[in-house]
Amino acid sequence: MAPANRCAHPGCQCTVPDDRAARGNTYCSDYCERHGSDQAHKPHECGCGHAACTA
């Protein structure tokens, strides 16, 4: 099993799911892939909706 990789979105607290990582994707979700380079998203404002970021 591959080690868990943290999402490339600077504000995201999630790990990249194995299926996305296997494709070389560095984001946990499509949301983070679309918004990962947006500097307006501060660390506490990820918005991906996953439990790690909404806790």
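Look a little higher up for the structure.
Owing to the predicted nature of the structure, the values given are computational and were not obtained by experimental measurement.

Peer 1: Please clarify how the overall build of the protein chain should be interpreted in this entry.
Peer 2: In terms of helices and strands, the protein chain carries three helices and zero strands. The helix and strand sequence of the protein chain, counted from the amino end, reads α-α-α. Out of the 55 residues in the protein chain, the part that is buried amounts to 31%. Excluding contacts between residues fewer than 6 apart, the proportion of contacts in the protein chain whose partners are at least 24 apart in sequence is 26%. A total of about 3700 Å² of accessible surface is found on the protein chain, and carbon and sulfur atoms cover 52% of it.

Peer 1: Would you mind going over the state of the cysteines with me for this structure?
Peer 2: Such a bond, covalent and formed between the sulfur atoms of two cysteines, is termed a disulfide. With the rule as written, the count across this model stands at zero disulfides. Cys7 takes part in no disulfide bond, and the closest cysteine sulfur, belonging to Cys12, lies 3.9 Å away. Judged by relative accessible area, which is 6%, Cys7 ranks as buried. Cys28 takes part in no disulfide bond, and the closest cysteine sulfur, belonging to Cys12, lies 3.7 Å away. Among the residues examined, Cys28 registers a relative accessible area of 5% and is labelled buried.

Peer 1: Explanation requested: the side chain of Asn25 in the structure shown.
Peer 2: If you trace the backbone, Asn25 turns up in the loop between helix H1 (18-22) and helix H2 (30-35). Within the local environment of Asn25, its side chain forms a polar contact with the side chain of Glu33, the two groups lying 3.1 Å apart. Setting aside chain neighbours within four positions, we find Asn25 in contact with Val16, Arg20 and Glu33.

Peer 1: Mind showing me how you'd approach the environment of Cys53 here?
Peer 2: The residue Cys53 is located in helix H3 (residues 51-54) in this model. Separated by 41 residues in the primary sequence, Cys53 and Cys12 have C-alpha atoms spaced 6.4 Å apart. If near-sequence neighbours (up to four positions away) are discounted, Cys53 is found in contact with Gly11, Cys12, Gln13, Cys14, Cys46 and Cys48.

How each quantity is defined
Residues numbered from 1 in each chain as written. Predicted model: local features only at pLDDT ≥ 70, side-chain atom pairs only at ≥ 80, totals over all residues. Heavy atoms only, no water. Helix = DSSP H or I, 4+ residues; strand = E, 2+ residues; numbered from the N terminus. Buried < 20%, exposed > 50% of the residue type's maximum accessible area, 1.4 Å probe, protein only. Contact = heavy atoms within 4.5 Å. Areas by Shrake-Rupley, 256 points an atom, 1.4 Å probe, with all protein chains shown as cover. Disulfide = S-S within 2.5 Å. Polar contact = N/O pair within 3.5 Å; in protein donor to acceptor, adjacent residues only side chain to side chain.

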